[in-house]
Amino acid sequence: MKRTTSPIRPRAHALLIALALAATTAAADDGPEFHLGGYVRAAASVNLQDAPETRQDDAGTLSMLRGTLLLDGDARMGPFRVKGIARAVREYQTDYLDRLEKRVKAGTPGGPGSDMMDYLYNEAEMRELYVEFDASDRVQFRLGKQQVVWGETDFFRAMDVVHGFDYRWRAFLEPENEELRKPLILANVMIQVPEAQGALQFLFRPGWDRRQDIGNTADLAGGRWRPQPYRGVDTLSATDYDPRHPEGDVRDKTWGARWSGRAGPVNYSLAYLQTYNPDPVLNSAFFPYKKAPGGLLGDWIHPRNDVVGATLSGYVQPIDAVLSTELVYTKDAAFNTGSRSLFPGVLPEGLGGILRRDTFTTMLRMDKNLDLRNLIGTSKQSMFSVQFFNTRILDFDRQDDIVMNVGYATRKKRDSALLTALLGMHYDGDRINPQIAAGWDMSYGGGFVIPSVDVVMGDLWRLKVEADLFFGGKPRRPGDLDSSTSTMGYFRDNNQLYVRLTRQF
């Protein structure tokens, strides 16, 4: 697999630096203001179960020991505001990761999983660098590498599809989306229209991003969050990423527009986005899709598609709660097909080619404050949130033989529904904040429970302790011929205890 090590393409890098210098020059006479913040963080996780892929008993062993430095700088110089966020991460290779890497080298060598630490976990990059300025009282420009948030769902995404997410180091469990979202180089224009109580936003992506900045990135290289039974198996030794496929070229120019406003007590938005399939699909070497792949089994691609969405939220007094919804129509979502292996026991399932189908995603959510002070002694009201999430394949035909994922035989259903809930509590004047989150896969079975507690220690220190517990979902052991393993089954035998200490500055 080819990899790009430069954090930003040279042409884009030059533009971003030029923008920053322009802002600096303009600021010289106006007395620049500068602020630097950020954090230093240490995090560790421990396996609570044995991973069947290795010969040793992995329960109780360190699966992660991670250090992070994040610098967040703001400068105001005349009419310009410059923002830069840089992050450096370094992980210690625990005995467990060393065992997984040795398994990769023995069974599937030649891919990036043979250098697991640098490919999956270590990084140093300028995550955001942009210049912001007001062209008038109504028009604001933001130019450069940045994040744009169009949705507010927990765990799973409906309208928050401007960016892909990097799930390699902790799957979907990290609560701060801004840490997982992959920033893009964008021209972002916001036009305020107070007469209509709203604002119009335009996005233009000139196609200067790195190949790995498009779509979601999951662990395909055999690390600790590779779905079972593939921990220690590097799929990228036999496949590659193709960022220049004719249906999904990272150099393509894409754009979007969003109107957000308020009508009486209701907040709403309408949006269109030309983007890429969030999850990659495999352009199979046996059934090529519009281009012959270079990988032995195929190439991972993110085909381009169109997204139209709407959001709605408002306070409903009779139930004393905020109700919200996100409705998203995706034209030409891409899926892999082929639930039967072409060579059982040798080739994975899902090599039957790529199929495009329209989908409709629905998110319904209720946020409500609960007074639990007399019941469990909290210091103030607790926040309860419940969310229903469903994606329907509109022109579904079972004969299409769409699979959940390459490497599994499970067929995708017409509807894929999830139910999640979250209860956040506060004790000791907000210094001790327990939380419990849970999710249930209503279509395929299984779920998760995540109890955690955040401890605030003065103005600068934060401690988080969390257990990530998965249940249900059919497992697939090494050597099994799979029939019904789905999303929650991927995480079987991977319960974790997670501890995180942060020093802010």
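The coordinates are above.
All of the points below concern the structure found in this document.

So, how was this worked out
- All residue numbers refer to positions counted from 1 along the written sequence of the respective chain.
- Local features are withheld for residues below a pLDDT of 70 in this predicted model, meaning they are given only at 70 or higher, and side-chain atom pairs are given and counted only at 80 or more; totals for whole chains, interfaces and linings count all residues.
- Side-chain descriptors were evaluated using all non-hydrogen atoms of the structure, hydrogens and water having been removed beforehand.
- Helix and strand definitions here come from DSSP, where helices need a minimum of 4 consecutive H or I residues and strands a minimum of 2 consecutive E residues; each element is numbered from the N-terminal end.
- Any residue under 20% of the maximum accessible area for its type is buried, any over 50% is exposed, and the rest in between are partly exposed; the area is computed with a 1.4 Å probe on protein chains only.
- Residues adjacent in sequence count toward polar contacts only when both atoms are side-chain atoms; beyond that, a polar contact is any pair of N or O atoms within 3.5 Å, and within protein one must be able to donate a hydrogen and the other to accept it.
- Here, two residues are considered to be in contact whenever any of their heavy atoms come within 4.5 Å of each other.
- The criterion is simple. A nonpolar core is a set of buried Ala, Val, Leu, Ile, Met, Phe, Trp, Tyr and Cys residues joined through side-chain atoms within 4.5 Å.
- Aromatic pairs are defined between Phe, Tyr and Trp rings, using the six-membered ring for Trp, whenever the two ring centres lie within 6.5 Å; interplanar angles under 30 degrees are classed as stacked, those over 60 as edge-to-face, and all others as tilted.
- Put simply, a charge is over a ring when the Lys NZ or the Arg CZ is close to the ring centre, within 6 Å, and near the line of the ring normal, within 35 degrees.
- Only strands joined by at least two bridges in the DSSP assignment are considered to pair.
- Axis geometry follows a simple rule: fit a line to the C-alpha atoms, using only the stretch in contact for helices, then measure angles between N-to-C directions, giving values from 0 to 180 degrees.

**Here we look at the side chain of Asn390**
Right, so step 1: Tracing the backbone through its elements, the reader meets Asn390 in strand S18 (residues 382-393).
Right, so step 2: Overall, the relative accessible area of 10% leaves Asn390 in the buried class.
Right, so step 3: A distance of 2.9 Å separates the side chain of Asn390 from the side chain of Asp415, its partner in a polar contact.
Right, so step 4: Polar contacts involving the side chain of Asn390 include one to the main-chain amide nitrogen of Ser416, which spans 3.3 Å.
Right, so step 5: Setting aside residues no more than four positions away along its own chain, Asn390 makes contact with Phe360, Thr361, Thr362, Asp415, Ser416 and Ala417.

**Here's the deal with the nonpolar core**
Right, so step 1: The biggest cluster of nonpolar side chains holds 65 residues, and the ones touching the most others in it are Trp150 and Phe172.
Right, so step 2: Of all the elements in the fold, those that place two or more residues in this core are helix H2 (95-107), helix H3 (116-121), strand S6 (184-193), strand S12 (266-276), strand S19 (415-424), strand S21 (447-457) and helix H6 (487-490).
Right, so step 3: Counting residues per element, this core draws most heavily on H3, which supplies five residues.
Right, so step 4: For Trp150, the residues in contact, after removing those within four places along its chain, are Met159, Asp160, Val162, Gln201, Leu203, Gly256, Ala257, Arg258, Ala271, Tyr272, Leu273 and Thr311.

**Here's the deal with the packing of aromatic side chains**
Right, so step 1: Counted under the stated rule, the structure contains 11 aromatic pairs.
Right, so step 2: Taken together through their ring pairs, the aromatic side chains of Phe172, Trp225, Phe448, Phe470 and Phe491 make up a single cluster.
Right, so step 3: Looking at Arg66, its charged tip hangs above the ring of Trp169, at a distance of 3.8 Å from the centre.
Right, so step 4: Sitting above the plane of the Tyr444 ring, Lys413 keeps its charged end 5.1 Å from the centroid.

**Considerations on the sheet that holds strand S14 (residues 298-301)**
Adjacent strands of a sheet form backbone hydrogen bonds with each other and so pair up, either parallel or antiparallel.
Right, so step 1: Strand order in the open sheet formed by three strands is S8-S14-S13, and the pairing between neighbours is mixed. Two strands in the sheet have a free side with no partner beyond their single neighbour: strand S8 (239-241) and strand S13 (281-284). Each strand of the sheet is rotated relative to its neighbour by a mean of 30°, with strand direction disregarded.
Right, so step 2: Note: S8 against S14, three bridges, orientation parallel. In the sheet register, Tyr241 faces S14, and the bridge partner there is Trp300.

**Quick word on unusual backbone geometry**
Right, so step 1: Between Gln228 and Pro229 the backbone carries a cis peptide bond, its omega angle lying at 15°.
Right, so step 2: Here Pro229 is to be found in the loop between strand S7 (198-205) and S8.
Right, so step 3: Backbone geometry places Gln197, a non-glycine residue, at a positive phi of 50°.
Right, so step 4: If you trace the backbone, Gln197 turns up in the loop between S6 and S7.
Right, so step 5: Of note in this structure, Lys290 is not a glycine but carries a positive phi near 65°.
Right, so step 6: Residue placement: Lys290 occurs in the loop between S13 and S14.
Right, so step 7: Accessibility expressed as a relative area gives 57% for Lys290, which makes it exposed.

All quantities given are derived from atomic positions and should not be read as evidence of function.
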